[in-house]
Amino acid sequence: MQPFQHFSQLSNLDLATPGGEPGSTSEALQDASTAELMLAYNPYLNPPFPTPGPSTPFSPTHEHDGELPDVVLITQDQAHFYAHSRRLVLASTNYWGMLFASPVPPQIINVPEDANTLRLALHLVYGSPFLYLGPSLESIEGTLVALTKYGVVLDKLVASCMPLYHLILSHAPYRPIETYALAAWFHLEPVAVAASSHLLAFDTSTLTDELTIKMGALYFKRLLDLHKIRRTALKTIVLRLPQMHPPTDTCGEEGQRELMSICASAAAELAWDSLPNLSTYALQSVFEKPATDLRCRACKAVLQQHINEVTTEWSAVKRTI
């Protein structure tokens, strides 16, 4: 099959532009800078920034399994993407939204998505690199909506070893509740679990109705349960006082009251004022600050052992839904 003769020239960053016009140099540089920053500072995006090769994805010369494209998808903003109907149908459970249900599939199809949405969707279907595009959370959401409409099973794309998993989670440190709600909406369990670790300090009373409805009752309850479990565990851990050391010539039961007072005061402060995201360092500091007044070495040893036990138990408490 011969490649299509008329096509949109994609830019060096694989950015199809409306009407087939190439993007400007300044726009390309700006997009490249944004992508490089995301890769440099985001722990979830580890792959290197790719160098575009001579064969641009979704152009008329883009081969897949030795075949040239046989269909062109035109977005609402008039960007052209050349694809392989066989690949799209194999990735779909409904003939790509019934667009290829006919025995003689069309060669030109207008789709309602914009260029950014379709570009990311095709990268996901083809399994080609896409992290360098640096899509926003809204773009990812639009792509997931489109893939669902076209019958692509999302579960296969969000395993912890897949790029989409890391792409969505790249937004969790900066927009944790939105990332969690997105994962919950599409029932992306691995993503929702990982994103919930960024919500330990989130004030659930500030949650909007829109996000609550989006995440659904199940995931909303799981988030509330996570906070409740950690608060309950913290109280249980810190309210348990240490055992007193055997009486010595210089420190008997009367002398150890200061130690018990320090532990009780720290426990009360932690149990009633701390958030579910309390760090082990902060926990340790609350016990250590008043301990400078202790003179008995045995009391200091008991307190240090108690601090070690408390921080170890707290660090083992579940941090995700």
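K.L.:
Explain the side chain of Ser 85 residue by residue, including any values.
P.N.:
In this fold, Ser 85 is placed in helix 2 (residues 85-90). Judged by relative accessible area, which is 11%, Ser 85 ranks as buried. When sequence neighbours within four positions are dropped, the list of residues in contact with Ser 85 reads Asp 70, Val 71 and Phe 100.

K.L.:
Which residues make up the confidence of the model for the protein, and what are the values?
P.N.:
Looking at the protein, pLDDT values average 82 and 83% of them are 70 or higher. Least confident of the elements in the protein is helix 1 (residues 25-41), whose mean pLDDT is 44; most confident is helix 7 (residues 176-185), at 97. With pLDDT under 50 throughout, residues 1-54 is counted as low confidence; its partners more than four residues away or in other chains account for 84 contacts.

K.L.:
Residue-level account of the nonpolar core, with values.
P.N.:
Core analysis: the biggest nonpolar cluster contains 59 residues, and Leu 88, Leu 144, Leu 147, Leu 164, Tyr 180 and Leu 188 have the highest contact counts within it. Residue assignment for this core shows that the elements contributing at least two residues are strand 1 (71-74), strand 2 (80-83), helix 4 (115-126), helix 5 (137-149), helix 6 (163-169), helix 7, helix 8 (189-196) and helix 9 (209-238). The greatest single-element share of this core, amounting to 8 residues, is contributed by helix 4. Grouped together as the second largest cluster of nonpolar side chains are 27 residues, Met 260, Cys 263, Ala 291 and Val 317 included.

K.L.:
Residue-level account of the sheet that holds strand 3 (residues 108-110), with values.
P.N.:
What the 3 strands build is an open sheet, ordered 2-1-3; its pairing is mixed. A single partner strand is all that each edge strand has here, and the edge strands are strand 2 and strand 3. Going across the sheet, the axis of each strand differs from the next one's by a mean of 25°, ignoring polarity. As paired elements, strand 1 and strand 3 share 3 bridges and run parallel to each other. Its bridge partner lying in strand 3, Val 72 is registered against Ile 108. Helix-sheet contacts for helix 4 involve strand 1 and strand 2, and the interaxial angle to strand 2 is about 15°.

K.L.:
Tell me about the packing of aromatic side chains, and please be specific about residues and values.
P.N.:
The tally for this structure, following the rule as stated, stands at 5 aromatic pairs. Between Trp 96 and Tyr 150, the ring centres sit 4.6 Å apart and the planes meet at 5°, which makes this aromatic pair stacked. Here Tyr 150 lies in the loop between helix 5 and helix 6 and Trp 96 lies in helix 3 (residues 95-98), a separation of 54 residues in the sequence. For Trp 96, a relative accessible area of 0% gives the class buried. A relative accessible area of 4% places Tyr 150 in the buried class. Centre to centre, the rings of Tyr 180 and Tyr 219 are 6.1 Å apart; their planes meet at 75°, and the pair counts as edge-to-face. With Tyr 180 in helix 7 and Tyr 219 in helix 9, this residue pair connects regions lying 39 residues apart in the sequence. Overall, the relative accessible area of 0% leaves Tyr 180 in the buried class. Under the relative-accessibility criterion, Tyr 219 is labelled buried at 5%. The rings of Phe 58, Phe 81 and Tyr 126 are connected pair by pair, giving a single aromatic cluster.

K.L.:
Can you break down helix 5 residue by residue, with the values?
P.N.:
Relative to the 18 Å expected for 13 residues at 1.5 Å per residue, helix 5 spans 18 Å between its end C-alpha atoms, a close match to the ideal helical length. All of the buried residues in helix 5 are Leu 137, Ile 140, Thr 143, Leu 144, Ala 146 and Leu 147. Looking at the buried side of helix 5, the elements it contacts are helix 3, helix 4, helix 6 and helix 7. Two residues or fewer past helix 5, Gly 151 is found with a positive phi of approximately 80°.

K.L.:
Explain the pairing of strand 2 to me, and be specific about the residues and the numbers.
P.N.:
Where burial is concerned, the two faces of strand 2 agree: the one with His 80 and Tyr 82 and the one with Phe 81 and Ala 83 are both buried. Between strand 1 and strand 2, which pair antiparallel one after the other, the connecting turn spans 5 residues, and Gln 78 there sits at a positive phi close to 65°.

Calculation criteria
Residues numbered from 1 in each chain as written. Predicted model: local features only at pLDDT ≥ 70, side-chain atom pairs only at ≥ 80, totals over all residues. Heavy atoms only, no water. Helix = DSSP H or I, 4+ residues; strand = E, 2+ residues; numbered from the N terminus. Buried < 20%, exposed > 50% of the residue type's maximum accessible area, 1.4 Å probe, protein only. Contact = heavy atoms within 4.5 Å. pLDDT = per-residue confidence, 0-100. Core = buried A, V, L, I, M, F, W, Y, C linked by side-chain atoms within 4.5 Å. Pairing = 2+ DSSP bridges. Axes fitted to C-alpha atoms, helices over the stretch in contact; angles between N-to-C directions. Phe/Tyr/Trp six-rings, centres within 6.5 Å; stacked < 30°, edge-to-face > 60°. Expected span 1.5 Å × (residues − 1).

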